[in-house]
Amino acid sequence: MNVSPCPDPERLRTLLDVEAAGRDADPLVRHVGECPACQEALERLAVGDPQLARLVSTCARSRPEPDSAFWPALHDLERLASRSTPPPTTTPAPHSDPNTTAFLDPDTRETTAGLRIGPFEVVREIGRGGMGVVYLARDPQLHRDVAIKVLDKRLAGDPVARERFCREAKAAAGVGDDHIVAVHQVSGGGDGTPPYFVMQFVEGESLEDRLARETRLPIDEIVRIGMQVAAGLAAAHDKGLIHRDVKPGNILLEKGTDRVKLTDFGLAHAAQDVRLTSTGMVAGTPLYMSPEQARAEPLDARADLFSLGIVLYEMATGALPFPGNTPYLVLRRLSEERHKPVAELNPAVPEWLAAVIDKLLAKRPEDRYQSAREVAELLEQHWLLRRTSSQDHVVCPRARVRRKMLQLAAMGVAAGVVLTLAGLWVWSLIQPALPGPVTPWRTLDGNQGPIWCVAGSPIEDVLAVGTHSEGVKLWNPAENRVEGVLPETRPILAVAYSADGKKLAVGTEDNTLRVYDLATRDLKHRLTHASAVRAVAFSGDGRKAVTGTRGGMVALWDLDTGKEIGEPVAAHGSVASVAFSPDDRDFATAGEDGRAILWDAAMRRPRFETPAQEGGTWSVRFTPDGKTFATGGWDGTVRLWDAGTGKLQGDMKVTGPGKDLIAMSFCPSGKLLAIACADQSIRLWNVPQRQERAVLRGHTGAVTSVVIARDGRNLASGSRDGTVHMWAIPPVCYE
Amino acid sequence: MESPVTRASLLLRLKDDSDTEAWQEFLRLYGPVVYHFGRKRGLQDADAVDLMQEVMRTVAAHANKLDYDPSRGSFRGWLFTVTRNKLYTFLDRRRHREQATGDSTTRQALQATPDRESDLEASWEQEYQQQLTARAMERVRPEFQKNSWDAFWLTAVDGVPAQEAAKQLNLSPGAVYVHKSRVLARLREEVQRLQSEE
């Protein structure tokens, strides 16, 4: 027998890490298959303590028998505390695969209460279309609502359609734009479960519902909706995706915001791979199809523009440009016949809009607008102009429009519109000029999982966003662009910029602190800890960093050498927050024991500690003048302490006990304190007056992190709901 | 994954009766621990379930009044004390009842040599470790492809030899070992993480 030589343990260990294994893993795997010594060695490396392997082997007998009285009793107990979660309808057998739980047939309308799709708990059905059914479901881990679309059974049987469905849904998941419903997960299904994908749940109605109620929409609405759909299409086209099914049913109008989102990507494509049955098309009438789609010719992004044209036509006139009772009639009309002019059906439609619709509805793709971005910009320019005057303007050459926008900006009306150097408009949610409830002017969503931390760069308008499984995203909110990503698959718990903005420290669930050079995006240091790094702060000179871990250890690191200074010190049980004083002489830590400790940085010795509060203390922050530090935690109260003596100077009751204060941020002057709360709000406190000045609401999950921008005028917040919101701080807060 | 920020000790979280997730997590881990602990003390299925329910109801009812001091021991040590005390009350109650009805199986259990404290504690700890592993397996399972998990399950739990498992799953024997080890490595992490929650 010819067995290759045994690899050394380090090489063997790489097999445990899917990413590290790499392409040369194959001969290694083969060797393991043949070599009992390495089989044992690999297992030992994996399991560490042999007791674990033993416990695993007895696991099958470790749960109560399926017919034990234990299970019904367990469900009763679960229901004791749980109010909103319906219990499963069947008692789960100890090791059943959740994916093989009997799956609801989408053709029937049985009650869905108690049903699970994967780990999600179905609440109810919310929609039904030719492609399948959409359910509202609950994500029990992340405490949020999601929408799950399950592919129709008739299509699910076709392996080509299934494969395409998953591939396209995965691609759509990668687009990540404000105007596209975010796709969180895609599942190919299997064992009786059809393919499904999980999307963000958007509360509101579809354009189809709205048109059923209103028939025709006001011009402003048509332009607003058209502009956002075109923007969503532009984002998708940039990623090489063609929607193929743009229609009012797939355009969602979010309740409570001005946002319009496009959904249902690539499904029409999947449908076309299924052979037409003898009864006709699987996916309903092709009222919104482009001629090239109807003729089954090769498609490009311009097909979506034709469909957009039909949607605009319908919004403007209340009628379809190519109506018909049978698919044949519709297809013939849209390929060959000219549509009735918009003005004939609705004379109130401005000429420029009718012209845009006509151009979008050109039969030949080369006669239409050539990109969705072009259409989006055009509509946006008109929309902005319409908001400031009652007449329509001829769209000016760029220079004149720019001057006009500067005028508007000076008038303070177009707050939030950003003019980039290239002269392109960057659209943003326009804040109302009048005071009203503050809403975020920019949101980063489409992230997988909660956002655990955010930090603001001291030198540029970029935020470092710590995500759950997508690494650190470097996000520019003004331009709504992720400028870079520091890759990481484990959750990022803490992120901090050095004072010169050149370094970024990232604490992760895998017990590591990574320090990056932001100019090159190179990893400079990889500092290992004994447990997850929950908190990190740089010293002012950027040469040291203090870390706090979940296991309750505080460590100081020398960033020139990458070595720890002395030994770590145990504190707090579990450390939640650390901060350096502005003069670098002290650093503060806080954690689960409800105390904050002020340490002498040079001697690494505690100077004093605050008395323990009820529940943990989750955040500790110095005021910019270094004379005071603030703590906040489980008991809902912010306390201010003298940084020299540790005496309590005052407190501010923000919320009640159990409504944790999770994070805090002072503005550069120290006058304002922003507090991220578990009750999903952000509170703004005027510190000298000890008074709450504003409450920012909008997040749908606990707010985990908050940072006030370096100009003191904006605030960024990250939340368990998976989004980062940018807010404008009402100036009145400072008075 | 839960929020590291609000991950107070499990007991602290249980004080918040709207934290249904903490409660479910607690039940799924400790429910079986108490149940099996009861079974090992000689209780029948129904009686062990009763014990479990009484312990859990006590925790639920008094969660926000309990003055558990974290500096004086682990959460599970505290729960062991509660369970053991409940068990004795339980056995006493039953003893008085059985003396009246003469039920032989329970009497046998009652008359068995009372366990030494250290044996009880060791048994509790062992049960806890076992359930922790089982819970970790449940939590970690969705992270793996069906094939990888099956490779692990067949070899590590069902004791099927790797060559045989390889044939069943249409994998190479080397791949079976690698998948098994990856799952074990992940389990080790998850067990450590669950333990650190206290």
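My aim in this report is to walk through the structure given alongside it, one point at a time.

The rules behind the values
Residues numbered from 1 in each chain as written. Chains lettered and ligands numbered in written order. Predicted model: local features only at pLDDT ≥ 70, side-chain atom pairs only at ≥ 80, totals over all residues. Pairing = 2+ DSSP bridges. Helix = DSSP H or I, 4+ residues; strand = E, 2+ residues; numbered from the N terminus. Axes fitted to C-alpha atoms, helices over the stretch in contact; angles between N-to-C directions. Contact = placed C-beta atoms within 7 Å. Nonpolar A, V, L, I, M, F, W, Y, C, P; charged D, E, K, R; others polar. Parallel < 35°, antiparallel > 145°, perpendicular 65-115°, else oblique. Expected span 1.5 Å × (residues − 1). Buried ≥ 20, exposed ≤ 12 C-beta atoms within 10 Å, placed from the backbone.

**Quick word on the sheet that holds strand 34 (residues 661-666) of chain A**
All names here are of chain A.
Thought 1: Overall, antiparallel pairing links the four strands, which are arranged 34-35-36-37 in an open sheet. Each end of this open sheet is capped by a strand with a single partner; those strands are strand 34 and strand 37 (691-697). Strand-to-strand, the axes of this sheet are offset by a mean angle of 20 degrees, without reference to chain direction.
Thought 2: Taken together, the five bridges between strand 34 and strand 35 (residues 672-677) define a ladder with antiparallel strand orientation. Residue pairing in the sheet places Ala663 in a bridge with Ala676 of strand 35.

**A short note on the interface of chain B and chain A**
Thought 1: Contacts between chain B and chain A engage 49 residues on the former and 60 residues on the latter.
Thought 2: No other element matches the 13 residues that helix 9 (residues 173-196) of chain B contributes to the side of chain B that touches chain A.
Thought 3: Taken together, the residues of the side of chain B that touches chain A sort by class into 28 nonpolar, 16 polar and five charged.

**Points about unusual backbone geometry**
Generally, phi is negative for residues other than glycine and the peptide bonds are trans, each holding for most cases.
Residue and element names in this part refer to chain A.
Thought 1: A positive phi angle is found at Gln680, which is not glycine, with a value near 75 degrees.
Thought 2: On the secondary structure map, Gln680 appears in the loop between strand 35 and strand 36 (681-686).
Thought 3: Of note, Arg690 is a non-glycine position whose phi angle comes to about 50 degrees, a positive value.
Thought 4: In this fold, Arg690 is placed in the loop between strand 36 and strand 37.

**Thoughts on the packing of helix 5 (residues 50-57) of chain A against helix 9 of chain B**
Thought 1: Where helix 5 of chain A meets helix 9 of chain B, the axes come as close as 11 Å, and the angle between the chain directions of the two elements is 100 degrees. Considering their axes alone, helix 5 of chain A and helix 9 of chain B lie roughly perpendicular with respect to each other. Here Leu52, Ala53 and Val56 of chain A of helix 5 of chain A come into contact with helix 9 of chain B, specifically with Leu184, Leu187, Arg188 and Val191 of chain B.

**Some points on helix 10 (residues 219-238) of chain A**
All names here are of chain A.
Thought 1: For helix 10, spanning 20 residues, the distance from its first C-alpha to its last is 28 Å, which sits close to the expected 28 Å at 1.5 Å a residue.
Thought 2: Along helix 10, 16 of the 20 residues are buried, which leaves the element largely enclosed by surrounding structure.
Thought 3: One or two steps after helix 10, the chain reaches Gly240, where phi turns positive at roughly 80 degrees.

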